[in-house]
Amino acid sequence: MHSNTASPTTARPFTLRRATDGDLDGVLALLAETAGWLNRRGVRQWPAAGFPAERITPLIDEGVMYLLDGEDGPAATLALDAHADPEFWAPGDDPGSALYVHKLAVARAHAGRGLGEALLDWAGLRVLALGRRWLRLDCSKDNSRLQDYYRGQRFAHLRTVDLSHRASGALFQRPGGLRAHASGLAPSFSDRRGSSVPEHV
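Residues numbered from 1 in each chain as written. Predicted model: local features only at pLDDT ≥ 70, side-chain atom pairs only at ≥ 80, totals over all residues. Heavy atoms only, no water.

## Remarks on the pairing of strand E2 (residues 65-70)
- Extensive coverage of E2 is indicated by the burial of 6 of its 6 residues.
- What you see with E2 is no split at all: Met65, Leu67 and Asp69 on one side and Tyr66, Leu68 and Gly70 on the other are buried throughout.
- As defined by bridge partners, strand E1 (residues 15-18) adjoins E2 across 4 bridges and the pair is classed as antiparallel. Pairing of Arg17 across the sheet is with Leu67, part of E2. (Buried < 20%, exposed > 50% of the residue type's maximum accessible area, 1.4 Å probe, protein only. Helix = DSSP H or I, 4+ residues; strand = E, 2+ residues; numbered from the N terminus. Pairing = 2+ DSSP bridges.)

## What about the pairing of strand E7 (residues 168-175)?
- Of all 8 residues making up E7, 7 are buried, and the element is well covered by its neighbours.
- In the sheet, strand E5 (residues 134-140) pairs with E7 via 7 bridges, with the strands oriented antiparallel. Looking at the pairing, Arg136 lines up with Gln173 of E7.

## Here's the deal with helix H2 (residues 53-62)
- Buried residues of H2: Ile56, Leu59 and Ile60, and no others. In an axial view of H2, the angular spread of the buried residues amounts to 100°, which keeps them on one side of the axis.
- Buried-residue contacts for H2 involve helix H1 (24-40), E2, strand E3 (73-81) and strand E4 (98-106).
- At the exit of H2 stands Gly63, carrying a positive phi of roughly 85°. (Arc of directions from axis to C-beta. Contact = heavy atoms within 4.5 Å.)

## Remarks on the sheet that holds E7
- Here 7 strands make up an open sheet; going across it, the order is E1-E2-E3-E4-E5-E7-E6 and the pairing mixed. Each having just a single partner strand, E1 and strand E6 (156-160) make up the two edges of the open sheet. Between one strand axis and the next, the sheet turns by 30° as a mean value, whatever way the strands run.
- On the sheet, helix H4 (residues 144-152) packs against E4, E5, E6 and E7 and is oriented at approximately 165° with respect to E5. (Axes fitted to C-alpha atoms, helices over the stretch in contact; angles between N-to-C directions.)

## Comments concerning the nonpolar core
- Formed by 25 residues in total, the largest nonpolar core has its most connected members in Leu80, Val101 and Tyr150.
- Ranked by residue count, the leading element in this core is helix H3 (residues 115-129), at 6 residues.
- The contacts of Val101, once residues within four sequence positions are left out, are Leu78, Ala79, Leu80, Leu120, Ala123, Leu135, Arg136 and Leu137.
- Of all hydrophobic cores here, the second largest spans 20 residues; its members include Leu28, Leu38, Leu59 and Ala79. (Core = buried A, V, L, I, M, F, W, Y, C linked by side-chain atoms within 4.5 Å.)

## Points about the packing of aromatic side chains
- Summed over all chains, the structure comprises 6 aromatic pairs.
- Plain terms: the ring middles of Tyr66 and Trp122 are 4.8 Å apart, the flat faces sit at 65° to each other, and that makes the pair edge-to-face. Taken together, the residues Tyr66 in strand E2 and Trp122 in helix H3 connect sequence positions 56 residues apart.
- Accessibility expressed as a relative area gives 5% for Tyr66, which makes it buried.
- For the pair Tyr150 and Phe155, a centre-to-centre distance of 5.8 Å together with 80° between the ring planes defines the contact as edge-to-face. With respect to burial, Tyr150 and Phe155 carry one shared label: buried.
- An aromatic cluster is defined as three or more aromatic residues linked by ring pairs; in this entry it consists of Tyr149, Tyr150, Phe155 and Phe172.
- The ring of Phe51 carries Lys103 above its face, with NZ or CZ at 4.8 Å from the centroid. (Phe/Tyr/Trp six-rings, centres within 6.5 Å; stacked < 30°, edge-to-face > 60°. Lys NZ or Arg CZ within 6 Å of the ring centre and 35° of its normal.)

Without other data, these values stay purely geometric and don't point to any function.
Here it is as structure tokens:
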């Protein structure tokens, strides 16, 4: 489970690592592809052209942006951190008890291979490794299909915060660890200097 590669539904290997400065263009392209795909389906959670570099560079610099590499380049990305959006998560939610998923995106060429599910399982293991309780995220408040996807990943809908200036606002959480009956993705990842950092849980 703690090998350097993982393959949820295919024999092709994938490697999870922290994104570095040199990955910025690849991450931006992957997020832009996903944003365009969402917007063509009427989902306005992300800017139609993707995110500007100034929104993603701080995540890379902080070391919380991760990249899943396949044989043909970036296959998926996500940010995982302890930053609870104060417009969504109230003091009563105990924001410090969770890690938060942001910017989860899977390249269209790899859609349907279980990479998103595997990354969420990896994030759930990180929750336990860091002594926290919950894995949390917010998603589009108007996209019932996306919300059903997260319910299918064992997330519970807590509430929807309806702010006129935010497309997101449907709040979900699940306990740390793997989904029930999930094999999960728990590879080692490379830190920003390129060394291997095993995920011990």
